[in-house]
Amino acid sequence: MEWLDALILGIVQGLAEYLPISSSGHLEIFRQILGVNLPSDVTLQFDVILHAATVCSTLVILWPMFSRLCVSFFTFKRDYDFYYVCKILVSCIPIAIVGFCFKEQVEEFFGNGLFVVGICLCVTALLLLFAHYADRLIPANRGRDISWLDAFIIGCAQAVAVLPGLSRSGTTIATGILLGDKRDQMAQFSFLMVIIPILGEALLDVKDMLGGEVATQGGEIGVGAMVIGFVAAFVVGCCACKWMIEIVKRGKLYWFALYCLVMGVLCIVW
């Protein structure tokens, strides 16, 4: 992989991770445009590195909240922040099951063309449209805090969103809004709940690389390309994270639904 390809893919990841347009789907689209053809396991490894970069962006932008949550959880204060972290852990259960039991099946969806991406982008568009009209669908429950059941359901949505083209942030935020949870709280919860699974996957990749199990993969991508992609995703992600929180507060998700629908149809036709 050339450094310019890694730079472009890093920028795409930084934007698409937070905007509800599917980072995995857009990475697949731009790989097709750039002509970057790698084995599915190598593709997934590079994607995990880029996702780890955007997780670092989340930590930087939400650091005041993140540090407060960590202090409360690790000192067992049993206050609102403590239980908030517990709900994040509950939301990670479904994605952990998928990661441990169905990793090989998930890898098969990556690097196999744009048809699946197109279908999933259309599904993302429908979810965002449903979320936009959630005020009419469930007005009685609007604006409540995330419950334990909500956290698990949102976690199930995150687990399904491992498919390329199905936006993780869009799916989880839309699911929370449809459940009646607060919009601003859902944006932050969505960005925080991905930290544990992404960093866990990244650490496993680092362990495999140190053990020599993916040495050939690293050679195909190149250490320089990895670093360039990581830095690009981190810098752009810092800007996109703040932008997305404001977008969710204002309820402007329907524009992204239109974009996902158009891109989805184009991918299917392609």
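The structure we're discussing is the one just above.
Because the structure is predicted, anything quoted here is derived from the model rather than measured.

Undergrad: So what about the overall build of the protein chain? Which residues, and what values?
TA: Scanning the protein chain from N- to C-terminus turns up 15 helices and zero strands. Per-residue burial over the protein chain gives 52% buried out of 270 residues. Looking at the protein chain alone, contacts between residues at least 24 apart form 82% of all its contacts between residues at least 6 apart. Total accessible area on the protein chain stands at roughly 12400 Å², and carbon and sulfur atoms take up 71% of it.

Undergrad: An account of the packing of helix α4 (residues 63-74) against helix α5 (residues 80-101) is needed here, citing residue identities and associated values.
TA: Contact geometry for α4 and α5: axes closest at 8 Å, N-to-C directions at 100°. Considering the angle they form, α4 stands roughly perpendicular to α5. Contacts from Met 65, Arg 68, Leu 69, Ser 72 and Phe 73 in α4 reach Asp 81, Phe 82, Tyr 84, Val 85, Cys 86 and Leu 89 in α5. Considered class by class, the residues forming the contact of α4 with α5 number eight nonpolar, one polar and two charged.

Undergrad: With reference to specific residues and values, describe the layout of surface pockets.
TA: Computed from the structure, the largest pocket encloses a volume of approximately 760 Å³. Along the walls of the largest pocket sit 32 residues, with Ile 95, Val 162, Pro 197, Ile 198 and Glu 201 positioned nearest its centre. Residue assignment for the lining of the largest pocket shows that the elements contributing at least two residues are α2 (23-34), α3 (40-61), α5, α6 (103-107), α10 (168-179) and α12 (195-210). Split by residue class, the lining of the largest pocket holds 18 nonpolar, nine polar and five charged. Quantified by volume, the second largest pocket comes out at close to 240 Å³. Along its surface, the second largest pocket is lined by Phe 66, Leu 69, Cys 70, Phe 73, Phe 74, Val 85, Ile 88, Leu 89, Leu 192, Ile 195, Ile 196 and Leu 199.

Undergrad: Outline α4, supporting the account with residue identities and numerical values.
TA: Under the 1.5 Å per step criterion, the end-to-end length of α4 is 16 Å for 12 residues, consistent within 8% with the ideal 16 Å. Against α5 and α11 (183-193) lie the buried residues of α4. Positioned one or two residues after α4, Phe 76 has a phi angle of 50°, which is positive.

So, how was this worked out
- Residues numbered from 1 in each chain as written.
- Predicted model: local features only at pLDDT ≥ 70, side-chain atom pairs only at ≥ 80, totals over all residues.
- Heavy atoms only, no water.
- Helix = DSSP H or I, 4+ residues; strand = E, 2+ residues; numbered from the N terminus.
- Buried < 20%, exposed > 50% of the residue type's maximum accessible area, 1.4 Å probe, protein only.
- Contact = heavy atoms within 4.5 Å.
- Areas by Shrake-Rupley, 256 points an atom, 1.4 Å probe, with all protein chains shown as cover.
- Axes fitted to C-alpha atoms, helices over the stretch in contact; angles between N-to-C directions.
- Parallel < 35°, antiparallel > 145°, perpendicular 65-115°, else oblique.
- Nonpolar A, V, L, I, M, F, W, Y, C, P; charged D, E, K, R; others polar.
- 1 Å grid on protein atoms, 1.4 Å probe; cavity = no way out; pocket = protein on both sides within 12 Å on 5 of 7 lines; lining within 4 Å.
- Points joined across faces, edges and corners; volume = space filled by probe spheres on them.
- Expected span 1.5 Å × (residues − 1).

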